[in-house]
Amino acid sequence: MKKGILLALLVSLVIAAFLSPFASPSPDGLERVAEDKGFIHLSEGKEVVKSPMPDYVMPGVENETVAGSLAGVAGTLITFAVMYGIGKIYIRKSNRVGGR
């Protein structure tokens, strides 16, 4: 893995760890509209997929600030791993087709 990619990952992890606790507790746009229009109750208790980190906090961690930071770091690592894997597959396929 190149130094630049590792540095970008490190910076992203630091940002996720230290800025996650400052995320707004206010509802997002869709949730806010559902509240304003009075149909938020229709979504309660009907999870399509069970979230591993509900409400952007790491389950089982008592301190909410630490739980938020850990969730930010975990989300960053998961996103990085998925996108890195997709990039590797794409590069491998383009090299096989005669790209580079």
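Preceding this section is the structure that the text describes.
Small disclaimer: the values here were computed from a predicted structure and weren't measured. (Residues numbered from 1 in each chain as written. Predicted model: local features only at pLDDT ≥ 70, side-chain atom pairs only at ≥ 80, totals over all residues. Heavy atoms only, no water.)

Below, the discussion takes up helix α2 (residues 29-37). Of the residues flanking the start of α2, the one acting as N-cap is Asp28, its side-chain oxygen 3.3 Å from the backbone nitrogen of Leu30. Taken from the residues just after α2, Gly38 is the one with a positive phi, measuring 80°. (Polar contact = N/O pair within 3.5 Å; in protein donor to acceptor, adjacent residues only side chain to side chain. Helix = DSSP H or I, 4+ residues; strand = E, 2+ residues; numbered from the N terminus.)

Among the surface-exposed residues, Leu7, Leu10, Val11, Val14, Ile15, Phe18, Leu19 and Phe22 lie close enough to one another that they form a single nonpolar patch of about 850 Å² accessible area. Secondary-structure assignment places Val11 in helix α1 (residues 3-19). (Patch = residues over 30% accessible without salt bridge, like charges linked within 9 Å, V, L, I, M, F, W, Y side chains within 5 Å. Areas by Shrake-Rupley, 256 points an atom, 1.4 Å probe, with all protein chains shown as cover. Salt bridge = Lys/Arg side-chain N within 4 Å of Asp/Glu carboxyl O.)

Attention now goes to the environment of Leu30. With respect to the helices and strands, the residue Leu30 is situated in helix α2. Each C-alpha atom of the pair Leu30 and Ile40 lies 9.6 Å from the other, and the pair is 10 residues apart in sequence.

This part takes up the packing of α1 against helix α3 (residues 64-97). Taken N-terminus to C-terminus, the directions of α1 and α3 make an angle of 155°; their axes are 7 Å apart at the nearest point. By the criterion of interaxial angle, the relationship of α1 to α3 is roughly antiparallel. In this structure, α1 meets α3 at a crossing whose hand is right-handed. Taking contact as the criterion, the partners of Ile5, Leu9, Ser12, Leu13, Ala16 and Ala17 in α1 are, on α3, Ser69, Gly72, Val73, Thr76, Leu77, Phe80 and Tyr84. (Axes fitted to C-alpha atoms, helices over the stretch in contact; angles between N-to-C directions. Parallel < 35°, antiparallel > 145°, perpendicular 65-115°, else oblique. Left-handed = near helix turned anticlockwise from the far one by under 90°. Contact = heavy atoms within 4.5 Å.)

Tracing the sequence through the fold places Thr76 in helix α3. Relative accessible area serves as the criterion here: at 19%, Thr76 is assigned to the buried category. Beyond its immediate chain neighbours, meaning those up to four positions away, Thr76 contacts Ser12, Leu13 and Ala16. (Buried < 20%, exposed > 50% of the residue type's maximum accessible area, 1.4 Å probe, protein only.)

With that out of the way, let us pick up a negative patch on the surface. A surface patch of like charges, here negative, comprises Asp28, Glu31, Glu35, Glu44 and Asp55. Here Asp55 shows up in the loop between α2 and α3. Using a relative accessible area of 71% as the deciding quantity, one classes Asp55 as exposed. (Lys, Arg positive; Asp, Glu negative; His and termini not counted. Charge placed at Lys NZ, Arg CZ, Asp CG, Glu CD.)

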